[in-house]
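An overview of the molecular structure
Next come the chains, spelled out residue by residue.
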Amino acid sequence: MKNYFKSKGFITVLASVISIVVGLLIGFILLIVFNPAYAVGGLGSIISKGFSSSDKFAKVLYQAAPLIMTGLSVGFAFKTGLFNIGATGQYTVGAFMALVFGIQFQMPWWVCLIAAMIGGAIWGFIPGICKALFNVNEVITSIMFNWLGLFMVNLLLNNMPVMLADHWGASNKDRTAALASANPSAIIPKLGLNELLHSNYMNISIFIAIIIAVVIYIILEKRTFGYELKACGFNKDASIYAGINAKRNIVLSMVISGALAGIGGGIYYLSGTAQYTIVKSLLAMGFNGIPVALLGASSPIGIIFAALFISYIQVGGEALQPEYAKEIIDIIIAVIIYLSAFSLLVKNILGKFIKTDTSNVNAEDKAVTPPEPVPAKPAEVAPTEEKGGNE
Amino acid sequence: MSDYVIEMLNITKRFPGIVANDNITLQLKKGEVHALLGENGAGKSTLMSVLFGLYQPEEGCIKKNGEVVKINDPNDANALHIGMVHQHFKLVECFSVLDNIILGVEPNKMGFLQKKEARAKVLELSEKYGLKVDPDALIEDISVGMQQRVEILKMLYRENEILIFDEPTAVLTPQEIDELMEIMRGFKAEGKSILFITHKLNEIMAVADRCTVLRKGKYMGTVNVADTTKEELSKMMVGRNVNFKVDKCDCKPGETVFKAEHVTVPSKLHKKNAVNDVSLEVRAGEIVCLAGIEGNGQTEFVQGITGLTKMSSGRIELLGKDITNASIREKSIMGISHIPEDRHKHGLVLDYSLEQNMVLQQYWEPQFQHNGFIKQQAVREYAEKLIDQFDVRSGQGPITTVRSMSGGNQQKAIIAREISKDPKLLIAVQPTRGLDVGAIEYIHKQLVKERDEGKAVLLVSLELDEVMNVSDRILVMYEGEIVGEFDPKTVTVQELGLYMAGAKRQDENNSKKEEA
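All of the points below concern the structure found in this document. Residue indices begin from 1 for each chain and proceed along its sequence in written order. Chain letters start at A and ligand numbers start at 1, both assigned in the order the entries are written. The predicted nature of this model means local features are confined to residues of pLDDT at least 70 and side-chain atom pairs, given and counted, to a pLDDT of 80 or more, with totals for whole chains, interfaces and linings taken over all residues. The side-chain quantities take in all heavy atoms of the structure and omit both hydrogens and water.

Notes on a nonpolar patch on the surface
Residues and elements named next belong to chain A. Together, Val13, Val17, Ile18, Val21, Val22, Leu25, Ile26, Ile29, Val33, Phe34 and Ile331 make up an exposed nonpolar region whose accessible area comes to about 870 Å². In this text, helices come from DSSP runs of H or I with a minimum length of four residues, and strands from runs of E with a minimum of two, each type numbered from the N-terminal end. If one sorts the elements of the nonpolar patch by residue count, helix α2 (residues 8-34) sits on top with ten residues. One can find Ile18 in helix α2. Think of a patch as exposed residues, more than 30% relative accessible area, with no salt bridge, where like charges cluster within 9 Å and nonpolar side chains (Val, Leu, Ile, Met, Phe, Trp, Tyr) cluster within 5 Å. Each accessible area is a Shrake-Rupley estimate made with a 1.4 Å probe; only the visible protein chains count as cover when residues are assessed. Salt bridges are defined by distance alone: a side-chain nitrogen of Lys or Arg within 4 Å of a carboxyl oxygen of Asp or Glu.

A word on the pairing of strand β16 (residues 313-318) of chain B
All names here are of chain B. Direction of pairing for strand β13 (residues 256-266) relative to β16: antiparallel, over a ladder of five bridges. Of the residues in β16, the one forming a bridge with Phe258 is Leu318. Here β16 pairs with strand β17 (residues 321-322) via two bridges, running antiparallel. When the bridges of β17 are listed, Leu318 appears paired with Lys321. Taken together, β16 and the strand that follows it, β17, pair antiparallel across an intervening segment of two residues, in which Leu319 is found at a positive phi of about 50 degrees. Paired strands, as defined in this entry, are two strands with at least two bridges between them according to DSSP.

Structural notes on the interface of chain B and chain A
By the convention used here, residues are in contact when the closest approach between their heavy atoms is within 4.5 Å. Of the residues lining the interface, 51 residues belong to chain B; the matching set on chain A comes to 34 residues. When chain B packs against chain A, the two sides together hide about 3800 Å² of surface, and 55% of this comes from carbon and sulfur. Polar contacts, as counted here, are pairs of nitrogen or oxygen atoms within 3.5 Å of one another; within protein the pair requires one atom able to donate a hydrogen and one able to accept it, and residues that are adjacent in sequence qualify only if both atoms are side-chain atoms. At the junction of chain B with chain A, the criterion picks out 16 residue pairs in polar contact (both at pLDDT 80 or more). Looking at the side of chain B that touches chain A, the elements with two or more residues in it are α1 (44-51), α10 (328-334), α11 (343-347), β20 (373-374) and α14 (407-420) of chain B. Of the residues assigned to the side of chain B that touches chain A, the class counts are 19 nonpolar, 22 polar and ten charged. Accessible-area loss on putting two parts together, using a 1.4 Å probe and summing over both, is the definition of buried area adopted here. As a working rule, the residues Ala, Val, Leu, Ile, Met, Phe, Trp, Tyr, Cys and Pro are called nonpolar, Asp, Glu, Lys and Arg charged, and the rest polar, with Gly in that last group.

As for the packing of aromatic side chains
Planes of paired rings set the category: under 30 degrees apart is stacked, over 60 is edge-to-face and the rest tilted, where pairs are Phe, Tyr or Trp rings (Trp by its six-membered ring) whose centres lie within 6.5 Å. Summed over the entire model, instances satisfying the criterion amount to 17 aromatic pairs over all chains. Taken together, the ring pairs connect Tyr62, Tyr91, Tyr201, Tyr268, Tyr269 and Tyr276 of chain A into an aromatic cluster. Any Lys NZ or Arg CZ found within 6 Å of a ring centre and within 35 degrees of that ring's normal is scored as a charge over the ring. Across from the ring centre of Tyr442 of chain B, 5.1 Å away, lies the NZ or CZ of Lys412 of chain B, which sits over that ring.

As for the pairing of strand β1 (residues 4-15) of chain B
All names here are of chain B. Burial here depends on accessible area, computed with a 1.4 Å probe over protein chains only, as a share of the maximum for the residue type. Under 20% is buried, over 50% is exposed, and the range in between is partly exposed. In terms of burial, β1 is a largely internal element, ten of the twelve residues being buried. Where β1 meets strand β2 (residues 18-29), eight bridges bridge the pair, whose relative direction is antiparallel. Within β2, the residue paired with Lys13 across the bridge is Asn21. Pairing analysis gives five bridges linking β1 to strand β4 (residues 59-64), with the strands arranged antiparallel. Residue Thr12 lies in a different strand from β4, and its bridge partner there is Glu59.

Observations concerning the packing of helix α3 (residues 39-52) of chain A against helix α4 (residues 54-79) of chain A
All names here are of chain A. What counts as an axis is a line fitted to C-alpha atoms, over the stretch in contact for a helix, and the angles between N-to-C directions run from 0 to 180 degrees. Where α3 meets α4, the axes come as close as 5 Å, and the angle between the chain directions of the two elements is 100 degrees. Comparing the axis directions of α3 and α4 gives the class roughly perpendicular. In this structure, α3 contributes Lys49, Gly50, Phe51 and Ser52 to the contact, and α4 contributes Lys56, Phe57 and Val60. For the contact of α3 with α4, a count of residues per class yields three nonpolar, two polar and two charged. Here roughly perpendicular refers to angles of 65 to 115 degrees, roughly parallel to angles under 35, roughly antiparallel to angles over 145, and oblique to all remaining angles.

Looking at unusual backbone geometry
All names here are of chain B. The phi angle at Asn10 is positive, at roughly 50 degrees, despite the residue not being glycine. By secondary structure assignment, the location of Asn10 is in strand β1. We note that Asp277 has phi near 55 degrees; this positive angle belongs to a residue other than glycine. Of note, Asp277 is situated in strand β14 (residues 273-283). On the accessibility criterion, Asp277 (32% relative accessible area) is partly exposed.

Structural notes on the nonpolar core
Here, nonpolar core means buried Ala, Val, Leu, Ile, Met, Phe, Trp, Tyr and Cys residues that are tied together by side-chain atoms lying within 4.5 Å of each other. Grouped together as the largest cluster of nonpolar side chains are 81 residues, with contacts concentrated most on Ile68, Leu72, Tyr269 and Tyr276 of chain A. Among the elements that take part in this core, α4 of chain A stands out by supplying ten residues, more than any other. Domain start and end points were adopted from an automatic or database domain assignment. Each of domain 1 (1-35 + 325-391) and domain 2 (54-323) of chain A gives at least three residues to this core. Leaving out residues up to four positions away in the same chain, Ile68 of chain A has contacts with Ile206, Ala209, Ile210, Ala213, Ile303, Ile304 and Ala307 of chain A. Judged by nonpolar contacts, the second largest core, of 60 residues, contains Leu360, Phe390, Ile414 and Ile419 of chain B.

A short note on the side chain of Ser126 of chain B
Residue and element names in this part refer to chain B. Secondary-structure assignment places Ser126 in helix α4 (residues 115-129). When its relative accessible area of 11% is taken as the criterion, Ser126 is described as buried. In this structure, Ser126 is in contact with Leu131, Val133 and Leu153, ignoring residues within four places of it in sequence.

As far as function goes, none of this settles anything; it's purely spatial.
Here it is as structure tokens:
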């Protein structure tokens, strides 16, 4: 038992919990500042709303599914040394492809989902190939492709009358048709889960997302392909030296990353409860993948929990209306998420107080958190004999 | 008033699982050059980091001029006039020499930089100590030797009295080393005190007054250099007698394994070719050494033939097969092993575990994977076998993150991996760079063993001792061309030096060019 408290996994979890608690406290201070009368109730709502009813719980799961996908998209790219800030563009294109196959071509849901995956993959492929062949920074290209994706989708939808809601008997022209009226077979099956939880939001998308996360985990940790990808991410020169085709891996990594975000767009808009609205701002779901990946330390399994947590906070936050303005709720949620991402920092501080028992990290580690390695923390406290202050 | 400017008394510093410094005492007199000698991992750098305020010791104290001082960070060290030239320089690449020197202590009037005074002071210092630098050159454009002079000027500019040099000669050419020794003597004459961390015994004998020896974190003693010998020092350091001469039988070269014809590689730094029309052969059972001063095309030649950079012309053969256009992986499969020059850049994925690094080129072989799934058990067993066989030491065995291992053991890991691939041709580029005598002896033995097993070995080295001791045939490279071929038994170091510096060249190698 003593060893258990000294294991790395325990410190990781403890660090996350401390970060979240601090985030909630600061969120509470903001609640007091903006509207003292409702502050206590507001905090209670953030903390407990997600479990307050089966309907709310279903909503947590419903929002978590696409968040897992965009989180995986960003986290997968992180692990392979790329910063895919274009998840939102890939998400948008994926959503569009899913809806086109569902409404225009009247395809079943799984075909739509594959189309979404391909759409996202293409949107990841282009920045990937630019990086591999011409060494163009993927951050720049993928930001541009966010806007390209958004406006291309809007332009196409404006010129595809069948896609829009008014073609199917509704009154509005600024959004895509409700799948229930356009093509019920394109809605992701609910398998009775909606009745179980008494919620329209519930379908199997959360399970799809979790299965994909597990597959990504296996690819990264168990397969030679993941070994290659991570080697390229950690040290491109060494992987070239080892005979690994680094350029091909950069492209593949962006394609997979894009495909994951694309599926995210697909499962959200194929739920039957969401309609794509033609607006001129990027979709937040894609960007929220970044804090999810950070909070989950880019580990696929960590990302599942991170997405659930952020979704939970969001559902709680929505319940703060109308006492608090929507923007204020966003700020509070952002503060909580922001501080949660500090868990790495807290972990290092904790590490200094609790000396890790290095001889015994194997077994217990795996039980608590997914195995390391966590990327992007070169300044790990690794004091060995000779390295000293050299680095 | 104490005799000593700096005293580190009974310092103990522990890290998880290891005592890096165990009750170590180091006393530095005013105006002396004090060497700190020890193998990799003996705790030298840790001790210096304690002095420099990067680590806090668990036990013991530091005294300056007899008074106890507390050094919490490098700024405190600076205030006590302690300066350090780190092994890996801490310079801003895209800043000028002058900017780097004044960085952190910029002279200013109301926030406006006063570079004029700074420049005058730097030029004066550079004149006084013979530290030639161009204040306006950018760091990224100047040689490693000059970068080191910039680091030294940084210490002088801050008026440091206690100068720490952390393995300063590891990156220098023989000529630059001589210059540095001269500079150190100058400092000594000025009354400055120098702490000189090294594991090169020749340098200690040449320049140091006293020497403190550490072994595995323990204090072994302090000796007057005048009263001791190289052999005694190395015995204190390693704990046994070290054989400086490499034992080997005569070489019995067999068939030609590797052949390079007219290889030309463009330079990344300038418009000329880094390697110009180089042809050479390596036969089975011989060690061919490519000697030369750093930057004369050896690195580029090896990168060209291994495929890390593209050759612009020429062809290469392995066992009679043309491999000019083969990929790196194909070359690896055909039997080329490569111990790269830069072990952190090319040789290892530092954030991978030791076992993952052990299969860096072989993870895809059926031995280690099945249907794309890595056989963790097979990898673990293979790594354990290599760790055992090559005595690679690390905190947690196969699952140790390589970043946390000492330089010597990282290098051993690479050597274990490359030799265990059972290559036909082993290319070793400066395999002993920055290692201590024990490890060097070991690596030399391995190279000779490979040779005796009939492998062809191409060794690139800057160390003349290594060139003379290990090789069977020496090729000297100068400005991208081979300027001479020698038998180590008949040539002298002085003679080699002349060829390496470009003062002489054998005619048959370049007669064609002169005609044209």
